[in-house]
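One-letter residues, chain by chain:
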Amino acid sequence: MGVATLDADDRVRHALVADLDGGFAVLYEAYQRLVFSTALRLCGRWADAEDLTAEAFLRSYRALAAYEPARIRSLQPRAWLVTILLNVWRNSRRTAARRTQSVQLEAAPDPADPREDVEHAVQLSETGRELAGMLRQLPEQQRIAVVLRHVADLPITEIASVLRSPEGTVKSHISRGLQRLRELQAAAEGGAHKPARGTAGPANSRGGA
Amino acid sequence: MTDNDLLTTELAAMATDAPAELLDRVAARWVRVPGPLGDLYVASTDLGISFVRTDTAVQDEDAAFAASFRKRFARPLLPATRPPAGLGPALRTGRAGALRFDLRGSTEFEQAVLRTALAIPKGQVRPYSWIARQIGRPRAVRAVGSALARNPVPVLIPCHRVTRSDGTIGDYVFGSEMKESLLRAERVNLEEVRALARAGFHYVGSDTTGIVCFPTCPHGRRITAAHRHGFRSIEAAEAAGYRPCQYCRPVREHTDTDREVADAVPE
């Protein structure tokens, strides 16, 4: 996996240096899944994820148009794209908050994931939907770290550079996030149809040590 | 706690490809197609046609077209597999009214100007002031000229059919020579338009029908010399008992207080 993605990064960098537009097509092809999956699991809504992904790629093109070849050659394309995506996402939330000041949007269940119904296996889809709801209950840092590590498959070093945190901090966000998800899953299984709610006290999600 | 447990497998399974059509919200597509004079480079987005250049305007080079597109729109440009829907028929007939255009890069004023220009039929010309009046901004004649000069989709939105009321053809994105060639290819009688304008006439009327037209309107062009009269303004024609043609729709110039009567058009 590591070697394969390194090759992909290299291929993208070469293509971008050779020709910005042709290279953009290679960049998009290589990382659309990474960016879209991350966007979808961060914002939780299909249509918003499309908007965020389109905007992030457009911004990346505009940035690349101004970069010198040397800068493109030293680019870490995945971490760079995810950083752009996170900025777009934070900006969109600020704008949305100013417009609607509604907290319910964020907490609402995920209605808009049409492809999960048609394309994914039924059992996967159900797990996915439940899990998507639980992901949204994680504190933001944990959610971002878990999504980048386990949905987007980004290595710890790149997540650390995206979040501008030490690797140790990233690892602890991830492990606390996973721990919390396990608790939420256990609670959901135990509590039948009750909406999934953390059984853990505040100390568990915020973490002291 | 291992990384290979059920939870992380479930998380990995949440990765999803973006919808296939999402790339078209980011990147525009381009094609090169035969136009009325030489080939045209045409770029379009998911909303419609957004940019047109003649082959001569980009020195016959794909890269030069891409560069001018990038400079103006800052958006990736990829090759299209086929021309946008309706482009072929629009180019054959010179009627582009049914095409979809992406005019996001233009201001509201510019868009109003362009939509009005789009309605000018092939083989006819209208003055800049006519557009200004049509969009309810009769004083903004100069701004109409600037808006047309920034037309991102020339040839298709026929800004070449907007000319000066003094009978000269005026400026054009691709130079006034190209404008003249396009108008001649549409069989506009530029000499006649010029001769009328020199004589001070911007409209022609028929004394048998009592209808007054723009000189390039097919109804105006049908009038035989014996029955044809030139007018300075629609007010003057109306004062002489004429009514404006419902096809080419000339409109009053509110600022014009001229009460001139009809004169016979010089041969």
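Bear in mind the structure is a predicted one, so any value in this text is a computation, not a measurement.

Procedures and definitions
Residues numbered from 1 in each chain as written. Chains lettered and ligands numbered in written order. Predicted model: local features only at pLDDT ≥ 70, side-chain atom pairs only at ≥ 80, totals over all residues. Helix = DSSP H or I, 4+ residues; strand = E, 2+ residues; numbered from the N terminus. Contact = placed C-beta atoms within 7 Å. Buried ≥ 20, exposed ≤ 12 C-beta atoms within 10 Å, placed from the backbone. Pairing = 2+ DSSP bridges. Axes fitted to C-alpha atoms, helices over the stretch in contact; angles between N-to-C directions. Domains from an automatic or database assignment. Nonpolar A, V, L, I, M, F, W, Y, C, P; charged D, E, K, R; others polar. Expected span 1.5 Å × (residues − 1). pLDDT = per-residue confidence, 0-100.

Engineer: Looking at this structure, I do not really get the overall build of chain B. What am I missing?
Structural biologist: In terms of helices and strands, chain B carries eleven helices and eleven strands. Dimensions of chain B, computed from C-alpha atoms along their principal axes, come out at roughly 100 × 35 × 30 Å. Considering only contacts within chain B whose residues lie at least 6 apart along the sequence, 58% involve residues at least 24 apart.

Engineer: Just checking my understanding: could you explain the overall build of chain A for this structure?
Structural biologist: Each helix and strand counted, chain A has twelve helices and zero strands in total. Buried positions account for 35% of the 209 residues belonging to chain A. Intrachain contacts of chain A at a sequence separation of at least 6 include 62% that bridge at least 24 residues.

Engineer: Help me understand the sheet that holds strand 2 (residues 39-45) of chain B, please; the structure alone is not making it clear to me.
Structural biologist: Pairing between the strands of a sheet is mediated by backbone hydrogen bonds and can be parallel or antiparallel. Residues and elements named next belong to chain B. Across the sheet, which stays open at both edges, the four strands sit in the order 3-2-1-4 with mixed pairing between neighbours. In this open sheet, the two strands that pair with only one neighbour each are strand 3 (48-54) and strand 4 (77-79). Going across the sheet, the axis of each strand differs from the next one's by a mean of 35°, ignoring polarity. Against the sheet, helix 3 (residues 62-73) engages strand 1 (28-34), strand 2, strand 3 and strand 4, with an angle of about 130° to strand 3.

Engineer: Can you help me understand the domain arrangement of chain A in this one?
Structural biologist: The figure often quoted for interface size is the accessible area lost as the parts come together. Residue and element names in this part refer to chain A. Split by domain assignment, chain A resolves into domain 1 (1-112) and domain 2 (113-209). Taken residue by residue, the interface counts 16 residues in domain 1 and 16 residues in domain 2. If you list the elements that add at least two residues to the side of domain 1 that touches domain 2, you get helix 2 (20-43) and helix 5 (77-100). Classifying every residue of the side of domain 1 that touches domain 2 gives eight nonpolar, five polar and three charged.

Engineer: I tried to follow the interface of chain B and chain A on my own but got confused; where do I start?
Structural biologist: At the junction of the two partners, chain B supplies 25 residues and chain A supplies 32 residues. Among the elements of the structure, helix 1 (6-12), helix 2 (23-26), helix 3 and strand 4 of chain B are those that each provide at least two residues to the side of chain B that touches chain A. At five residues, the largest contribution of residues to the side of chain B that touches chain A is made by helix 1 of chain B. Within the side of chain B that touches chain A, the residues separate by chemical class into 18 nonpolar, two polar and five charged.

Engineer: Sorry, what's going on with helix 9 (residues 140-151) of chain A here?
Structural biologist: Structural remark: α-helix, 3.6 residues per turn; residues separated by three or four positions point the same way. All names here are of chain A. Compared with the 16 Å implied by 1.5 Å per residue over twelve residues, the 15 Å span of helix 9 between its first and last C-alpha is a close match. For helix 9, the tally of buried residues reaches ten of twelve residues, placing the bulk of the element in the interior. Downstream of helix 9 by a residue or two, D153 has a phi angle that is positive, lying close to 60°.

Engineer: Explanation requested: the confidence of the model for chain A in the structure shown.
Structural biologist: For any part of a model where pLDDT is low, the fine detail of the predicted coordinates should not be relied upon. Residues and elements named next belong to chain A. In the predicted model, chain A carries a mean pLDDT of 82, and the fraction of residues at 70 or more is 75%. Ignoring residues within four places in sequence, the model shows residues 116-123, a span with pLDDT below 50, making six contacts including any to other chains. In the model, residues 194-209 has pLDDT below 50 throughout and makes 22 contacts with residues more than four positions away in sequence or in other chains.

Engineer: Sorry if this is basic, but what is going on with the confidence of the model for chain B here?
Structural biologist: Residue and element names in this part refer to chain B. Residues at a pLDDT of 70 or more form 93% of chain B, whose mean pLDDT is 90. Helix 5 (residues 108-118) holds the highest mean pLDDT among the elements of chain B, 97, whereas strand 11 (residues 263-264) holds the lowest, 40. Counting interchain partners and residues more than four positions distant, the pLDDT-below-50 stretch residues 256-267 has 27 contacts.

Engineer: Sorry if this is basic, but what is going on with unusual backbone geometry here?
Structural biologist: With the exception of glycine, most residues fall at negative phi, and the peptide bonds are largely trans. Located in the positive-phi region is R164(A), a residue other than glycine, with phi close to 50°. Relative to the helices and strands, R164(A) resides in the loop between helix 10 (156-163) and helix 11 (167-190). With a phi angle near 50°, Q59(B) is a residue other than glycine that sits in the positive phi range. In this structure, Q59(B) sits in the loop between strand 3 and helix 3. Residue classification places Q59(B) among the exposed residues on the basis of 9 C-beta atoms within 10 Å.

Engineer: Looking at this model, I keep getting lost on the pairing of strand 1 of chain B. Mind explaining?
Structural biologist: Remark: a regular strand shows side chains that alternate across the two faces of the sheet. Residue and element names in this part refer to chain B. Bridging between strand 1 and strand 4 involves three bridges; their strand directions are parallel. Across the sheet, W30 pairs through a bridge with P79, a residue of strand 4. Summarising the sheet, strand 1 and strand 2 pair through six bridges and their orientation is antiparallel. Following the sheet pairing, R32 is matched in strand 2 by Y41. Linking two consecutive strands that pair antiparallel, namely strand 1 and strand 2, is a turn of four residues; a positive phi of about 75° is found at G38 within it.

Engineer: Is there a simple way to think about the environment of V113(B) in this case?
Structural biologist: All names here are of chain B. Within the fold, V113 resides in helix 5. Note: C-alpha distance between V113 and Y128 (15 residues apart in sequence) is 9.7 Å. Discounting residues that sit within four places of it in the chain, V113 has contacts with I131, I135, V144, A147 and L148.

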